[in-house]
Each structure stands twice: as C-alpha cells, then as structure tokens.
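Remarks on the overall topology
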Amino acid sequence: IDLDPGENIICTFTNTQTGTITIIKDTNPNNAQNFGFTATGLVPPNFSLDDDSDPALSNTRVNSNVLPGSYLITENIVSGYRLTGLACVDPDNGTTVNLATRAATIDVDAGESITCTYSNTQTGSITIIEDTNPNGPQNFTYSTTGGLTPANFSLDDDADATISNTQVFSNVSPSTYTITENTVAGFTFTNLTCSDPDNGTTVNLATRVATIDLDAGENITCTFTDTQQGTITVIEDAIPNNAQNFRFES
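Residues numbered from 1 in each chain as written. Predicted model: local features only at pLDDT ≥ 70, side-chain atom pairs only at ≥ 80, totals over all residues. Heavy atoms only, no water.

Looking at the overall build of the protein
The test is simple: Working definition: helices are DSSP H or I runs of at least four residues, strands are E runs of at least two. Numbering for both runs from the N terminus. Between the two quantities, the radius of gyration covers C-alpha atoms and the globule rule is 2.2 Å times the number of residues to the power 0.38. The contact rule is simple, with two residues in contact once any of their heavy atoms fall within 4.5 Å.
When you go through the protein residue by residue, the secondary structure sums to 0 helices and 18 strands. Computed over C-alpha atoms, the radius of gyration of the protein comes to 33 Å, more than 25% over the 18 Å expected from 2.2 N^0.38 for 250 residues, which places it beyond the range of a compact globule. Expressed as lengths along the three principal axes of its C-alpha atoms, the size of the protein is roughly 150 × 30 × 30 Å. Within the protein, contacts between residues at least 6 apart in sequence are counted, and of these 65% link residues at least 24 apart.

Encoded structure:
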C-alpha cells in the first residue's frame, strides 16, 4: 500500500468457500466392470469407477476444493449394461440430470457438497431352442411378450441353415417375458425345459408357454421339444373274402 499524505486507503479481501462433487458408481449386480466418465471443468477430465470389493479401483470419485460453477459429468456407454438411474443430491436442487445423454449438469454454489449416483444394470440373454423328434424341416412359430425383438419368430430343426433351430435375444433388460410356441398339425408338444440360474423361470406344458424371469446378468435357455406323430393302419384279410365282421380292441 502506497499511502500518501492525507490518504485513506481501504483494502477488502474476498474469499469464496469451495465445494465438493462426489460421483458414485452403483452396479446391479456388483462386479468388476469398469465405467469411464468424462468431466467438463474438473481435473482430471476423465476417470473410471467400478463396483466390486477390489480396492484397486473405487466405486467413488471425490472432487474436492471445487470452485462455484457449472460442471458436466457424463458416463460413457458400456456394452452389456444399461444406465437405469441417475440421481443427484444438491442442497438447493440446482443440479439437473439427463438419463438419455447419461449426463449430470452439476451446479456448485459456494460451500456446497453435491453427490451424484450413476446406477447401471447388467443385461442378460434369452436363448430359445427348437428340438424336433425326429429332426426335420417343419417350421415352428413363436410369439413373445415383454418387448423382445423380434416379437415373433420361426425355428426348425434340420441341417438347412436358412432357418435356425435357435433364437438368441441379447442385451435384454431384467424383467418378465413369455415365449409361446404355436400349435403345429402333425406334431405333439412333448417337453419344455428352461435353464435359469436362480430357477425363477416357470413353464406350462398345457399352454406351451415359458414365463421367463430374467434377473440382472442372467443367461436363460429354454428348449421346446416336439415329436412328430405317426399313423397306424389295420387291415382285415379274410379267406375267402366275405361279409363277416371282425372286432378289434386297442
């Protein structure tokens, strides 16, 4: 301060309290899959989190000493997972989230501590197999509920690759789905079995329906078995030919 004769000088020192931004990764089920994030305005601008018990990579990223301002945190897409939740705790509710873009726009005010949790659910798969006895080119049609794509499909059980004996639904979100095999003349529906890790899937032979309970990360396979019907012909040969009736029992 250069104080001249008769001068009165006032100096004001202004301090702004910084805040924190905490990012939490919540995976269903917990596992070692890494998720990458980009952070606009923060250091470092890129980081990764996972959600397992190995401390080598945490499920939490704390950004301390953050100046008031707006910051964008975006989670990168990971194959086999869906972002099913994004929630932020902000004292004045100034932070906004967008599930579609996987982004949180964080509004840090002086002294605020904001926490955002990104929740990802591991998808699963459903495999449908047609087993025909004997193997043959007969097509069997199926219908589904629950939003599977395609909703309707056909399978057969021969060596021709034009139509497969297997339909695989990949990257399926946890939910309940039904698979129904339609009736085919000349065949008897003889079995329906499903392999489900937690045995949550049920089958109904009478209605030809598998009700599939797909949990996070599960892979479920159902096999529909059809047996081709045959014919029995009974011939009466009388010597000599005459009008006598012969009775048979079966």
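Back to the write-up after that little detour.
Description of the pattern of salt bridges
This is how the line gets drawn: Here a salt bridge means any side-chain nitrogen of Lys or Arg lying within 4 Å of a carboxyl oxygen belonging to Asp or Glu. Three exposure classes are used, based on accessible area relative to the maximum for each residue type with a 1.4 Å probe and protein chains only: buried under 20%, partly exposed in between, and exposed over 50%.
Tallying each qualifying case throughout the model produces 4 salt bridges. Taking the shortest distance from any N to any O, the salt bridge between Arg102 and Glu75 comes out at 2.8 Å. Pair noted here: Arg102 is in the loop between strand S7 (96-98) and strand S8 (103-108) and Glu75 is in strand S5 (residues 69-75), with a separation of 27 residues, a long-range link. Under the relative-accessibility criterion, Arg102 is labelled buried at 13%. Taking relative accessible area as the criterion, Glu75 reaches 1% and is therefore assigned buried.

What about the sheet that holds strand S6 (residues 81-89)?
Cut-off, in case you're wondering: When DSSP finds two or more bridges between two strands, those strands count as paired. Angles here are taken between N-to-C directions and fall from 0 to 180 degrees, while the axes themselves are lines fitted to C-alpha atoms, restricted in helices to the stretch in contact.
With respect to topology, 4 strands assemble into an open sheet ordered S4-S1-S9-S6, the strand pairing being mixed. The sheet terminates laterally at strand S4 (60-66) and S6, the two strands that pair on one side only. If you compare each strand with its neighbour and ignore which way they point, the axes differ by 15° on average. As judged from the 5 bridges shared by strand S1 (residues 19-28) and S4, these two strands associate in the antiparallel manner. Paired with Thr22 across the bridge in S4 is Val62.

Considerations on the pairing of strand S17 (residues 209-214)
If a strand is regular, its side chains alternate between the two faces of the sheet. Looking at chain direction, strand S14 (residues 175-181) and S17 are connected through 6 bridges and run antiparallel. What sits directly across from Ile179, in S17, is Ala210. As paired strands, strand S16 (residues 202-204) and S17 are joined by 3 bridges and run antiparallel to one another. Residue pairing across strands places Thr202 opposite Thr211, the latter belonging to S17. A loop of 4 residues connects S16 with S17, the two strands running antiparallel in sequence, and Arg208 in this loop sits at a positive phi of about 65°.

What about the state of the cysteines?
Our working rule: Pairs of cysteine sulfur atoms within 2.5 Å are identified as disulfides in what follows.
In this structure the tally under the stated criterion is 2 disulfides. For Cys88, the disulfide goes to Cys116, at an S-S distance of 2.0 Å. Taking the sign of the S-S torsion, 115° for the link of Cys88 and Cys116, the bridge is right-handed. Taken as a pair, Cys88 in strand S6 and Cys116 in strand S9 (residues 113-122) lie far apart in primary sequence, 28 residues in all. For Cys194, the disulfide goes to Cys222, at an S-S distance of 2.0 Å. Handedness of the Cys194-Cys222 disulfide follows from its S-S torsion of about 115°: it is right-handed. On the criterion of sequence distance, the pair formed by Cys194 in strand S15 (residues 187-195) and Cys222 in strand S18 (residues 219-228) is long-range, its members being 28 residues apart. What makes Cys194 partly exposed here is its relative accessible area of 25%. Classification of Cys222 by relative accessible area gives buried; the value is 0%. By sequence-ordered numbering of the bonded cysteines, the protein has its disulfides arranged as 1-2, 3-4.

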